[in-house]
Amino acid sequence: MEEPNRLVEEATTNDMDGQNNEEERDPESNSLRQPLLKRNRTLSSSPFALVGAKVSHIESLDYEINENDLFKHDWRRRSRVQVLQYVFLKWTLAFLVGLLTGVTATLINLAIENIAGYKLRAVVNYIDDRRYLTGFAYFAGANFVLTLIAALLCVCFAPTAAGPGIPEIKAYLNGVDTPNMFGATTLIVKIIGSIAAVSASLDLGKEGPLVHIGACYASLLGQGGPDNYRLKWRWLRYFNNDRDRRDLITSGSSSGVCAAFRSPVGGVLFALEEVATWWRSALLWRTFFSTAVVVVILRAFIEYCKSGNCGLFGRGGLIMFDVSGVSVTYHAVDIIPIAIIGIIGGILGSLYNYVLHKVLRLYNLINEKGKLHKLLLALSVSLFTSICMYGLPFLAKCKPCDPSLQGSCPGTGGTGNFKQFNCPNGYYNDLATLLLTTNDDAVRNIFSVNTPGEFHVSSLLIYFALYCILGLVTFGIAVPSGLFLPIILMGSAYGRLLAIAMGPYTKIDPGLYAVLGAASLMAGSMRMTVSLCVIFLELTNNLLLLPITMLVLLISKSVGDCFNLSIYEIILELKGLPFLDANPEPWMRNITAGELADVKPPVVTLRGIEKVGRIVEVLKNTTHNGFPVVDEGVVPPVGLPVGATELHGLVLRTHLLLVLKKKLFLHERRRTEEWEVREKFSWIELAERWGKIEDVAVTKDEMEMYVDLHPLTNTTPYTVVESMSVAKAMVLFRQVGLRHMLIVPKYQAAGVSPVVGILTRQDLRAHNILSVFPHLVKSKSGKKH
């Protein structure tokens, strides 16, 4: 693991200075006023991360099924009709997620193609009239206004809408809840901001935001709408829990990828490979159903728009590089240039990640200065982009049109492969063809087949260098942005350059080289293989490309992994989100769960029948989410009839708050009857989250009363023996999707507590462990760079 990001520590220091002593006493939080790598005999952790543009408190999610008495009773009494209703509602919500995502994606594409298309058409007309300054003023001014709209919305209304949103979705599906990521305001700002930012000719795509939009729809549908206007229908409350919400958001993210590329299978595989931590076959079916709905919606709108009812959104928009009718031939000799593409893609992708990491750290420092600095940064990037895109085509030489293309060369400023741009009739400007066009048309132009001499080497070099620079400086500003399209355009440019260099040695079409270059750079930066292969396969509609695409992706990912992490993992670390990787560090096998428990403060336990005052005190003085319930003096069913100590289970903070809110208090220390509990609570209520201890009013007399925690306690918590290695415990923690893991003693004896400690997500993070056990640094043979 890399060293923790100092930017997060500095920002958190400012945020924590005003915290009261109560939060400082929290044994599971770290104020971050001291460096994490300083030797400290207490295992510390931080519940803070960069969310949007500020440091926010984050929580883990309760994916584990809470098997208490109420859950078991509810599960036994459910009729077949209720079970079928629950399943039907899951499929209904999956359908609605696909429907809304597909309609929104169509509207976004329609808006972008028309706004950007008419803007570029006006600019080309100004250039044809030799009114160059007017053309630049119009181009830069329109881009400036559109960027200002996107940035203002993100800065003032929904900071979490900036960026792609994919790292936060990865974190959520890994078990980390980030505030305000899937709200209604974020959704609206994401939609409008994406339209404005992409139409402003910024070097970013709508694909990443579409993934976030799909996840927002899924979250809002599952919880019945936004917080202030939430529907209280009983059947919707079935889904007001972290477990079902996770499944819906998984479907939403795959629907977003499908909407971006019209790739249903690629969308499912993207969710499986890139964002989802936990997967099962039932979720696979519902996710595939959602993406199928998206494809049907997109196809229906495309057929409708072909008749010219959608303005410029007809042939343009919704990337589709169909080469099904092109003869793709390659031989054993072509493996060498294909391998070279993969190697270069892996090197360039890892280099891009490294430089972007540095740029994002710098942008964090600028964004910390306030809203005005965020706006100025976004507008500066917009102005720089406008200058480059408008001015650089003047450096390119005019190329004569192919005589066989009469009528289509040069174009008139709409969709097409040829832009005249200050060239005489019969000539076109190849660099303007790539720069002064919408993103989808740019991809279509550079992927075009049977055009070996369409682009000059110098134009491709300028285009590649420009998009490398713009891609680095644009990602990170306060607008919704995606990485897919900038990387596709960069990769396709160097793919065409390699095609020109290797022309005498291969017969593969330069357009196919562009496809392979784009795939290799995406694999080198994002480290995706299977999903990316299927996405490109569905884009090209040609199975003959499958073997060489697979080879390129495997080589690029392998080369990129030798240098650094994927771009999304780098962003997760920059934000400080406690993402648990699938593979533990090798040195984690040299330390046990019991040793971690020894350096943590003593575990806070509750008795099965506890005093109200004790519960209130624990909730006020700690921020723990779960507390072991321990009964003393229990007579075991076998063995000597002496009092033993029993670990009854684990009770959650939200359930304790619910007890205090509903005042299920007893005047004497006794067990409650089953009917008493069912009269006050339902299983649906226990699955939902409740407020804070400050919102609960308990009188002085009630403090002396008792609460029976047995009916609310999860009697089957996941436990590990204290001798288990941290590596093994981490794998179990991640695969099952836990929030708490109880550590039990290896030896049971009189006077020995049945629980040694609790492991949480923060306790299993590498840099937190190394802060307490610095000697493990020497054994970090498998350290990632």
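Cut-off values and rules
- Residues numbered from 1 in each chain as written.
- Predicted model: local features only at pLDDT ≥ 70, side-chain atom pairs only at ≥ 80, totals over all residues.
- Heavy atoms only, no water.
- UniProt positions renumbered as here; feature names shortened; annotations may be inferred.
- Phe/Tyr/Trp six-rings, centres within 6.5 Å; stacked < 30°, edge-to-face > 60°.
- Helix = DSSP H or I, 4+ residues; strand = E, 2+ residues; numbered from the N terminus.
- Buried < 20%, exposed > 50% of the residue type's maximum accessible area, 1.4 Å probe, protein only.
- Disulfide = S-S within 2.5 Å.
- Contact = heavy atoms within 4.5 Å.
- Salt bridge = Lys/Arg side-chain N within 4 Å of Asp/Glu carboxyl O.
- Expected span 1.5 Å × (residues − 1).
- Core = buried A, V, L, I, M, F, W, Y, C linked by side-chain atoms within 4.5 Å.
- Polar contact = N/O pair within 3.5 Å; in protein donor to acceptor, adjacent residues only side chain to side chain.
- Axes fitted to C-alpha atoms, helices over the stretch in contact; angles between N-to-C directions.
- Parallel < 35°, antiparallel > 145°, perpendicular 65-115°, else oblique.
- Left-handed = near helix turned anticlockwise from the far one by under 90°.
- Nonpolar A, V, L, I, M, F, W, Y, C, P; charged D, E, K, R; others polar.

Taking an unreviewed UniProt entry as the reference, the protein is identified by name as Chloride channel protein belonging to Anisodus acutangulus. Quoted verbatim from the Sequence similarities (unreviewed entry) heading of the UniProt record, the comment on the protein is "Belongs to the chloride channel (TC 2.A.49) family." What UniProt states about the protein under its Subcellular location (unreviewed entry) heading is, verbatim, "Membrane".

S.K.: Quick question: what am I supposed to make of the packing of aromatic side chains here?
M.R.: Two numbers describe a pair of aromatic rings. These are the distance of the centres and the angle of the planes. This model, assessed by the stated rule, comprises 13 aromatic pairs. Look at Phe464 and Tyr494: their rings are 6.3 Å apart centre to centre, the planes differ by 65°, and that puts the pair in the edge-to-face class. Within this pair, whereas Phe464 is found in helix α16 (residues 457-474), its partner Tyr494 is found in helix α17 (residues 484-501), the two being separated by 30 residues in sequence. The two residues Phe464 and Tyr494 agree in class, both being buried. An aromatic cluster is built from Tyr132, Phe136, Phe139, Tyr390, Phe394 and Phe421, whose rings are joined through pairwise contacts.

S.K.: It is not clear to me how the state of the cysteines should be interpreted in this structure. Could you clarify?
M.R.: As used here, a disulfide is simply a covalent bond connecting the sulfur atoms of two cysteines. Going through the model one piece at a time under the given rule, you end up with 2 disulfides. Across the disulfide, Cys305 is cross-linked to Cys310 (sulfur-sulfur distance 2.0 Å). With the S-S dihedral at roughly -70°, the linkage between Cys305 and Cys310 falls on the left-handed side. Residue classification places Cys305 among the buried positions, given a relative accessible area of 2%. Shown here is the disulfide that connects Cys398 with Cys423, its sulfur atoms set 2.0 Å apart. Its S-S torsion of approximately -90° makes the covalent link between Cys398 and Cys423 left-handed. Of this pair, Cys398 sits in strand β5 (residues 398-400) while Cys423 sits in the loop between β5 and β6 (427-429), and the two are 25 residues apart along the sequence. Given a relative accessible area of 33%, Cys398 falls into the partly exposed group. Judged by relative accessible area, which is 5%, Cys423 ranks as buried. Of all cysteine sulfurs, the one in Cys156 lies closest to Cys154, which takes part in no disulfide; the gap is 9.8 Å.

S.K.: Explanation requested: the side chain of Ser481 in the structure shown.
M.R.: Position of Ser481 relative to the elements: it lies in the loop between α16 and α17. Assessed through its relative accessible area of 2%, Ser481 is described here as buried. Those residues in contact with Ser481 that lie beyond four places of it in its chain are Gly163, Pro164, Leu204, Gly205, Pro209 and Phe475.

S.K.: Before we go on, may I ask you to explain the environment of Leu512 in this structure?
M.R.: For Leu512, the location among the structural elements is in helix α18 (residues 510-526). Residue classification places Leu512 among the buried positions, given a relative accessible area of 3%.

S.K.: For this particular structure, what's the right way to read the pattern of salt bridges?
M.R.: Pairs can form between side chains of opposite charge whenever their charged atoms are close. One pass over the structure, following the stated rule, counts 19 salt bridges. The partner of Asp247 in a salt bridge is Arg280, with the nearest N and O atoms 2.8 Å apart. Here Asp247 is found in helix α9 (residues 242-261), whereas its partner Arg280 is found in the loop between α10 (264-275) and α11 (281-309), with 33 residues between them in sequence. Measuring nitrogen to oxygen at the nearest pair gives 2.7 Å for the salt bridge that ties Asp561 to Lys557. Separated by 4 residues within a single helix, Asp561 and Lys557 lie in helix α20 (residues 546-561), roughly one turn from each other. A cluster of three or more residues bridged by salt bridges with shared partners is formed by Arg246, Asp247, Arg280 and Arg286.

S.K.: Can you help me understand the UniProt feature "transmembrane region" (unreviewed entry) in the protein in this one?
M.R.: UniProt feature "transmembrane region" (unreviewed entry): in the numbering of this structure it lies at residues 88-112, 133-161, 283-302, 335-355, 375-396, 460-490 and 543-560. With 100% helix and 0% strand, residues 283-302 has its two end C-alpha atoms placed 29 Å apart. Secondary structure over residues 543-560 splits into 83% helix and 0% strand, and the C-alpha atoms at its two ends are 26 Å apart.

S.K.: Looking at this structure, I do not really get helix α7 (residues 184-199). What am I missing?
M.R.: In an α-helix, one turn spans 3.6 residues, which is why side chains three or four residues apart end up on the same side. Spanning 16 residues, α7 covers 23 Å between terminal C-alpha atoms, matching the ideal 22 Å at 1.5 Å per step. Most of α7 sits inside the fold, with 12 of its 16 residues counted as buried. Among the residues of α7, Thr186, Leu187, Val189, Lys190, Ile191, Gly193, Ser194, Ile195, Ala196, Ala197, Val198 and Ser199 are the ones counted as buried. Close packing links the buried residues of α7 with α4 (80-128), α5 (132-156), α8 (207-223) and α15 (439-446).

S.K.: Can you help me understand helix α19 (residues 530-540) in this one?
M.R.: The buried count for α19 comes to 8 of 11 residues, which makes it a mostly enclosed element. The complete set of buried residues in α19 reads Ser531, Leu532, Cys533, Val534, Ile535, Phe536, Leu539 and Thr540. Residue Asn541 follows α19 closely and has a positive phi angle near 60°.

S.K.: In this structure, what is going on with unusual backbone geometry? I would like to understand it.
M.R.: Leaving glycine out, the prevailing phi sign among residues is negative, and the prevailing peptide bond configuration is trans. Even without being glycine, Ser201 reaches a positive phi, approximately 65°. Its location among the elements puts Ser201 in the loop between α7 and α8. With a phi angle near 65°, Arg527 is a residue other than glycine that sits in the positive phi range. Its location among the elements puts Arg527 in the loop between α18 and α19. Judged by relative accessible area, which is 7%, Arg527 ranks as buried.

S.K.: Looking at this structure, I do not really get the nonpolar core. What am I missing?
M.R.: Note on soluble globular proteins: their nonpolar side chains tend to be buried together. The biggest cluster of nonpolar side chains holds 136 residues, and the ones touching the most others in it are Tyr463, Leu483, Phe484 and Met526. Aside from chain neighbours lying at most four places away, what touches Tyr463 is Leu431, Leu434, Leu435, Ala442, Ile446, Leu489 and Ala493. Ranked by size, the runner-up nonpolar core spans 28 residues in total, among them Leu606, Leu658, Val696 and Val698.

S.K.: What's the story with the side chain of Asn241 in this structure? I'm lost.
M.R.: Tracing the backbone through its elements, the reader meets Asn241 in the loop between α8 and α9. Among the residues examined, Asn241 registers a relative accessible area of 13% and is labelled buried. One polar contact links the side chain of Asn241 to the main-chain amide nitrogen of Asp244, over a distance of 2.9 Å.

S.K.: Help me understand the packing of α5 against α7, please; the structure alone is not making it clear to me.
M.R.: The contact between α5 and α7 brings their axes to 8 Å, and the two run at 155°. Judged by the inter-axis angle, α5 sits roughly antiparallel to α7. α7 is crossed by α5, and the crossing has left-handed handedness. Side by side, α5 and α7 meet where Asn143, Leu146, Ile149, Ala150, Leu153 and Cys154 of the first sit next to Val189, Ile192, Gly193, Ala196, Ala197 and Ser199 of the second. A per-class count over the contact of α5 with α7 returns 9 nonpolar, 3 polar and no charged.

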